[in-house]
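# Reading the structure
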Amino acid sequence: MFRKTVLVSFRFAGRRFRSSVVAPSVRDAYVAEEVQKFCTETPVERATTPPSSWFTDPAIYGLEKQTVFKWNWVAVGRTDQVASPGQYFTGVVGDEPFLVVRDKSNTLRGFFNVCRHHAAILAGEDEGTADAFTCCYHGWTYGLDGRLTKAMRLRGIQNFSARNFGLKPMAVKAWGPLVLVRPDGQENGTEFETKVASLKDQLDELDFTFGLRFVERRRYHVNCNWKVVLDNYLDGGYHVEYLHRNLASNLSIDTYRTDVQDLFSVQTCSGSGEDDQSMTRQRIGKTSIYGCVYPNLMINRYGPWLDTNIALPLTHDTTEVIYDYWLAEDFAQTMGEAELQEFVQTSLAESDQVQEEDTFICERVQKGLKSSAYDVGRYAPRVEMADHAFHLKLASDLKQGIRTNAQANGIAVPCMF
């Protein structure tokens, strides 16, 4: 985008401003206007939802990639994928390709998965085991600790040191059975762990960090903005009795409760009171816990099952939702092999049905969001408080992104930001 220093007069949030500094581009002003439409001061009882542009406009998604998916700890994988030295997995968060690996000293490391020579993606497989990473383009080779160990045919090069051309590090951490990365590289000590400690304690009482065996991973491609997936998850069970009738028949919907904290929310619901030992009732159990950690991680603990859902945006209107399933080890050991396999396949089929129903409604919502008939909606204040809190966190990141971009370009930002 192009900017120039001029004396300008422009409208913003219904007001007119004059500036003799760098003029914002039309797109910048539009994005700021759309972000400001969501009022963070209005209580949930009177609040309107973010405008449809937050879910349909590539410019808003562009700002999210600079903020939400750079400044926060983003769930990307599992610790068992990198349990041994040499094991690694890759992926993309926003526009940032990442590589997570266990090095030879057993240290978990994160890197940008980009060769320092001419920017080719370094590790091309989703996951695997390696002694080193060699770029397929010109053969530059990096150790598991990210050091550049071989770069051929550089005779005559000047002002070059191999120690300065290792892989760019990306902040990484393990949390329970999960791996998270933070592309901006800010470790922030134990701030994350402190903010989610009560959620982890609640999950660990039911087995989270230990006592589980990994069962299976499934991927779902959903034709909607990533936030539509989160909104659907965070509605306090509002949609369950209408959309998931089979699931609802095994839950006591009126026991749904929601607790909202700074970085996460927890929804809990009791299972049906009927004393039924069917596989479905065994799967659901007596209590279900649905935790959501900002920005993209959903954790479901019910019966003997733990499943996590990681929502990774692919574009402004497509999302990949990665489902990972674990089963409580002590429960699995009570069954014979054939009985266990039947239970697992029945459970996964029922879970798949729920996800297909969610995909159906999320894609319908995305289509509706594009209509000129819709701009903002409302919250059901007694059940959708977690969704409102999610939008407040989003707004905070987006506004900070606007301030940061403006300051970097010498643009005066109205005090509302």
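Residues numbered from 1 in each chain as written. Predicted model: local features only at pLDDT ≥ 70, side-chain atom pairs only at ≥ 80, totals over all residues. Heavy atoms only, no water.

The chain is annotated in an unreviewed UniProt entry as Choline monooxygenase, chloroplastic of Branchiostoma lanceolatum. Word for word, the UniProt comment on the chain under Sequence similarities (unreviewed entry) is "Belongs to the choline monooxygenase family." What UniProt states about the chain under its Catalytic activity (unreviewed entry) heading is, verbatim, "choline + 2 reduced [2Fe-2S]-[ferredoxin] + O2 + 2 H(+) = betaine aldehyde hydrate + 2 oxidized [2Fe-2S]-[ferredoxin] + H2O". (UniProt positions renumbered as here; feature names shortened; annotations may be inferred.)

## Notes on the pattern of salt bridges
The tally for this structure, following the rule as stated, stands at 20 salt bridges. When the shortest N-O distance is used, the salt bridge between Asp145 and Arg147 registers 2.9 Å. With a relative accessible area of 29%, Asp145 lands in the partly exposed category. The exposed category is assigned to Arg147, whose relative accessible area is 52%. Through salt bridges with shared partners, a single ionic network connects Arg78, Asp80, Arg217 and Asp324. (Salt bridge = Lys/Arg side-chain N within 4 Å of Asp/Glu carboxyl O. Buried < 20%, exposed > 50% of the residue type's maximum accessible area, 1.4 Å probe, protein only.)

## Some points on the UniProt feature "domain: Rieske" (unreviewed entry) in the chain
Cross-referencing UniProt, the feature "domain: Rieske" (unreviewed entry) maps to residues 72-160 in the present numbering. This span, residues 72-160, is 0% helix and 40% strand, and a straight line between its end C-alpha atoms measures 33 Å. (Helix = DSSP H or I, 4+ residues; strand = E, 2+ residues; numbered from the N terminus.)

## Some points on unusual backbone geometry
Here Tyr294 and Pro295 are connected by a cis peptide whose omega angle stands at 5 degrees. Notably, Arg153 is not glycine yet its phi reads approximately 60 degrees, a positive angle. Its location among the elements puts Arg153 in the loop between strand S10 (148-150) and strand S11 (171-175). Classification of Arg153 by relative accessible area gives exposed; the value is 83%. A positive phi is found at Asp207, a non-glycine position, where the angle reads about 80 degrees. Positionally, Asp207 belongs in the loop between helix H6 (197-204) and strand S13 (212-222). Taking the relative accessible area as the measure of exposure, Asp207 reaches 24% and is therefore partly exposed.

## A short note on the sheet that holds strand S12 (residues 178-182)
Pairing is antiparallel across the open sheet formed by three strands, whose spatial order is S3-S12-S11. Of all the strands in the sheet, just strand S3 (74-78) and S11 have a single pairing partner and so form its edges. In this sheet, neighbouring strand axes are inclined to one another by 30 degrees on average, regardless of whether the strands run parallel or antiparallel. Sheet topology places S11 next to S12; five bridges connect them, and they run antiparallel. Across the sheet, residue Trp175 finds its bridge partner in S12, namely Leu178. (Pairing = 2+ DSSP bridges. Axes fitted to C-alpha atoms, helices over the stretch in contact; angles between N-to-C directions.)

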